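# Understanding the architecture of this molecule
Okay, here's what each chain looks like letter by letter:
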Amino acid sequence: MKGKKRTIDSELKESIMKMIFEEHHPSCLKKIFRLVRKLRIPLVNLEDSVENNRVELEKLWNRAQSLIDSPAKNDIVSFLGYCFFTWCCVLRKNGGSDSTDFGRRIAGEWIKLIEESSGSDQLLDLRMAACSSISSGLSNDSSSSEASSLEKEIAVRVWITVLVLLEDEEENLREKVSKFVSRKYYQSHNDRRLHLSFRAGKAKQIVMEILFKNHLDSVFQDYLLSDLQMQEQFSAFGAVEDTRKLFEKEEDNNYAEEAVMIQLRTLYLTKLAKTSPSIRSLIESKRSQLESTFNELMKRLRESKEKIMSTLFWSQSVMHAPEFFLPLYRIATLLVLCGEVDGKSSNHLLNGEGLEIHPIIQNLLEGKQSPFFLMNQN
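Note that residues are indexed from 1 along each chain, following the sequence as it is written. Thresholds applied to this predicted model are a pLDDT of at least 70 for local features of residues and 80 or more for the giving and counting of side-chain atom pairs; totals over whole chains, interfaces and linings are not thresholded and use all residues. Side-chain descriptors were evaluated using all non-hydrogen atoms of the structure, hydrogens and water having been removed beforehand.

The next point concerns the overall build of the protein. Here a strand is any run of E in DSSP of at least two residues, a helix any run of H or I of at least four, and the numbering for each starts at the N terminus. The helix and strand inventory of the protein stands at 16 helices and zero strands. For every residue, the accessible area (1.4 Å probe, protein chains only) is compared with the maximum for its type, and the residue is labelled buried under 20%, exposed over 50%, or partly exposed between those bounds. When the 378 residues of the protein are sorted by exposure, 49% land in the buried category. For accessible areas, the Shrake-Rupley method is used with a probe of radius 1.4 Å. Any residue's cover is judged against the shown protein chains and nothing else. Surface accessibility of the protein: about 19300 Å² in total, with carbon and sulfur atoms responsible for 47%.

Pasting the structure below:
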């Protein structure tokens, strides 16, 4: 019976592989790519040589890429994650190293694809497909000793993309990504509670910890330092002329998600600064620029206060508007970090004449509140 089953499985695989190359109807192609990934139909024979497996996978990869702009795109994006996983399994079976142009090529194409597909400007179905692709592509533990060199090289960018998806405005997508992160967490701790799932806030903390412990390279360091670049801090003022647009999404907690990520990046930047003199020096050198930007933001808010408050849809202090609160909050949090490094205070910035300063920002600069207070609420 076992021999018969292997024959059937082999015949089924051959039939499905043949359909991938010969089928042209979009609806059928979608179902084929979805079937292969969900049933985890073997794409290669791991007992075969690396070269033979490379040839087989390259054919599949090229075929899928040639159809990427077809109506089957979402399922192809998910399928390519499974292809990448399969190649990593081939590498693991043969020592883990990868000197092939094919490996570097598919790694680059895959990470670029999921990064682009995860953007907030993409359709929800495509963002969902990016999550499925990551779930397939990272089925193995990229931090284990058995991980291939290819997995380790792109792990940071993949996990940062996971963080992007955890901030998505669509709750169903955040839940799906959180389940993936939870499963990886329980697997790494040999915990059988794989059916349990953390909330998105906790999932973000887990991902940041994975990155900090296992993938502390230049890409992750640049990600942690991104807030210090202070880009687009004044972008909200360009919309002041259209205040209805500014506040058209008035919600009770519409900036908590981004505030949590600011806290997480600052927390791990603080940890990094404790072990890296160069990072400490960089942070210390940014104090003057941070204080100058904070003062300029406050000045512009005072000048635009009446125009902002004239909107029919906004009755709170302008400091409560996320477009203005978040840049000031980001700077205040970073100034707390600067204080950890150079021992200086920033409470002299609280001279908000004619403008009520948000209590969270005031407490941060006065040292009355931990910069990481939101993280324990998720």
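Anyway, onward from the coordinates.
Mapped onto the fold, I114 is located in helix 5 (residues 101-117). Judged by its relative accessible area of 0%, I114 is buried. C-alpha of I114 to C-alpha of I134: the two residues are 20 residues apart in sequence and 7.6 Å apart in space.

A separate point is the confidence of the model for the protein. For the protein, the average pLDDT comes to 84, and 84% of its residues sit at 70 or higher. What pLDDT expresses is the predictor's confidence in each residue, scored from 0 to 100. Confidence, expressed as mean pLDDT per element, reaches its minimum in the protein at helix 11 (residues 243-246) with 45 and its maximum at helix 6 (residues 124-137) with 96. Any pair of residues with heavy atoms lying within 4.5 Å of one another is described as a contacting pair. In the predicted structure, residues 1-8 sits below a pLDDT of 50 and forms zero contacts with residues beyond four places in sequence or in another chain. When the criterion is pLDDT under 50, residues 239-253 qualifies, and its contacts beyond four places in sequence or with other chains add up to 27 contacts.

Within this document, salt bridges are pairs made up of a side-chain nitrogen of Lys or Arg and a carboxyl oxygen of Asp or Glu, the two lying within 4 Å of each other. The final tally for this structure, using the stated rule, is 20 salt bridges. Measuring nitrogen to oxygen at the nearest pair gives 3.3 Å for the salt bridge that ties K93 to E47. Of this pair, K93 sits in helix 4 (residues 73-93) while E47 sits in the loop between helix 2 (26-38) and helix 3 (50-66); the two residues are 46 residues apart in sequence, bridging distant segments of the chain. K93 gets classed as partly exposed once you look at its relative accessible area, which sits at 45%. Here E291 makes a salt bridge to R287, at a shortest N to O gap of 3.0 Å. Placement of both E291 and R287 in helix 14 (residues 287-309) is noted, with a separation of four residues, approximately one turn of the helix. The class for R287 is buried, based on a relative accessible area of 7%. When salt bridges with common partners are traced through the structure, they connect E51, R54, E58, R105 and E109 into a single cluster.

Quick look at the packing of helix 7 (residues 149-166) against helix 8 (residues 171-188) now. Angles here are taken between N-to-C directions and fall from 0 to 180 degrees, while the axes themselves are lines fitted to C-alpha atoms, restricted in helices to the stretch in contact. Axis separation between helix 7 and helix 8 bottoms out at 8 Å; the angle between their running directions is 140°. Compared by their axis directions, helix 7 and helix 8 come out oblique. The residues of helix 8 that touch helix 7, namely those facing W159, V162, L165 and L166, are L173, R174, V177, S178, F180, V181 and K184. Among the residues making up the contact of helix 7 with helix 8, the classes are represented as eight nonpolar, one polar and two charged. Each angle gets one of four labels, with under 35 degrees taken as roughly parallel, over 145 as roughly antiparallel, 65 to 115 as roughly perpendicular, and the rest as oblique. Classification used: nonpolar for Ala, Val, Leu, Ile, Met, Phe, Trp, Tyr, Cys and Pro, charged for Asp, Glu, Lys and Arg, polar for all others including Gly.

Among all residues save glycine, negative phi is the norm, and among peptide bonds the norm is trans. If you check the backbone angles, R40 has positive phi at about 50° while not being a glycine. Secondary-structure assignment places R40 in the loop between helix 2 and helix 3.

Right, let's get into the packing of helix 6 against helix 8. Relative to each other, helix 6 and helix 8 sit at 5°, their axes nearing to 10 Å. Relative to helix 8, helix 6 is oriented roughly parallel. Taking contact as the criterion, the partners of L124, R127, M128, C131, S132, I134 and S135 in helix 6 are, on helix 8, N172, L173, K176, V177, F180 and R183. Split into classes, the residues belonging to the contact of helix 6 with helix 8 amount to seven nonpolar, three polar and three charged.

Before going further, it helps to examine the packing of aromatic side chains. The criterion for an aromatic pair is that two Phe, Tyr or Trp rings (for Trp, the six-membered ring) have centres within 6.5 Å, with stacked assigned to planes under 30 degrees apart, edge-to-face to planes over 60 apart and tilted to the rest. In total, this model carries eleven aromatic pairs according to the counting rule given. Ring geometry for Y186 and F198: centres 5.5 Å apart, planes at 25°, overall stacked. You can see Y186 sitting in helix 8 and its partner F198 sitting in the loop between helix 8 and helix 9 (200-214), a full twelve residues away along the chain. In this structure Y186 comes out as buried when scored by relative accessible area, which is 5%. Taking 5.3 Å as the distance between ring centres and 50° as the angle between the ring planes, the aromatic pair formed by F212 and Y268 counts as tilted. With a gap of 56 residues between them, F212 in helix 9 and Y268 in helix 12 (residues 256-275) connect regions that are remote in the sequence. The burial state of F212 is the same as that of Y268; both residues are buried. Over a ring means this: the NZ of a Lys or the CZ of an Arg is within 6 Å of the ring centre and within 35 degrees of the ring normal. Sitting above the plane of the F212 ring, K271 keeps its charged end 5.9 Å from the centroid.

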